[in-house]
Amino acid sequence: MTESTTITYPLQEKGDRVPTLFRATVYSTVARLDDHSPNETMAYIDALDRDDAARRMKQMLAALWHVPAESVEIHNLRGESELRLNSTHRDGADLRLFEIGWGSEKGPLYPRADELPYLLVRPETMKRLMAAWTMHPRKRMAQPCRNLTA
């Protein structure tokens, strides 16, 4: 039996810093379950800062994927304000949080509709992200993510 990881979030009290949303590209470098490795995908997490986001994301994804935390790779970790600032789409509110690129005549690109990212977030953030996902522009999808461990 493997040791489980406990992730502690302190109870938020009045005056405490409020967690913010972070997004990253994630994958695992090890195979599991008949040589299957989780493909590169996006993950979102609420955290106090970038270091907190990376640490919690590694722990949570390792538990979900049944892999060692050291095998979870995180790239392009960005906070919500940075995602909004770098967005090429000026309307669409929270939909901009899913933007992953620009496709000349297509405009902003988004993950494929069948590639729902990992949403490791608080219930209020989940509501925001799910509402934005329902606005997903199916005609402006990016190419499927490739498996970086292949």
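Let us look at the structure shown here. Since we're looking at a predicted model, the values are computed, not measured.

A look at the sheet that holds strand 2 (residues 41–47)
Hydrogen bonds along the backbone pair up the strands of a sheet, which may run parallel or antiparallel. Reading across from one edge, 3-1-2-6 is the order of the four strands in this open sheet, with mixed pairing throughout. Here the strands that pair on one side only, and so sit at the sheet edges, are strand 3 (72–79) and strand 6 (118–120). In this sheet, adjacent strand axes meet at a mean angle of 25° when their direction is disregarded. As defined by bridge partners, strand 1 (residues 20–28) adjoins strand 2 across seven bridges and the pair is classed as antiparallel. Residue pairing for strand 2: Phe22 is matched across the bridge by Ile45. Each of strand 1, strand 2, strand 3 and strand 6 touches helix 1 (residues 50–65); the most contacted strand, strand 3, lies at about 140° to it. Of the strands in this sheet, strand 1, strand 2 and strand 6 are in contact with helix 3 (residues 123–133), which crosses strand 6 at around 155°.

Describing the pattern of salt bridges
This structure, assessed with the given rule, holds ten salt bridges. Residue Arg55 is joined to Asp52 by a salt bridge in which the shortest nitrogen-to-oxygen separation is 2.8 Å. Here Arg55 and its partner Asp52 are both found in helix 1, three residues apart, which amounts to about one turn of the helix. Across the pair Arg56 and Asp52 runs a salt bridge, and its minimum N-O distance is 2.7 Å. Placement of both Arg56 and Asp52 in helix 1 is noted, with a separation of four residues, approximately one turn of the helix.

Reading guide: rules and limits
Residues numbered from 1 in each chain as written. Predicted model: local features only at pLDDT ≥ 70, side-chain atom pairs only at ≥ 80, totals over all residues. Heavy atoms only, no water. Pairing = 2+ DSSP bridges. Helix = DSSP H or I, 4+ residues; strand = E, 2+ residues; numbered from the N terminus. Axes fitted to C-alpha atoms, helices over the stretch in contact; angles between N-to-C directions. Contact = heavy atoms within 4.5 Å. Salt bridge = Lys/Arg side-chain N within 4 Å of Asp/Glu carboxyl O.

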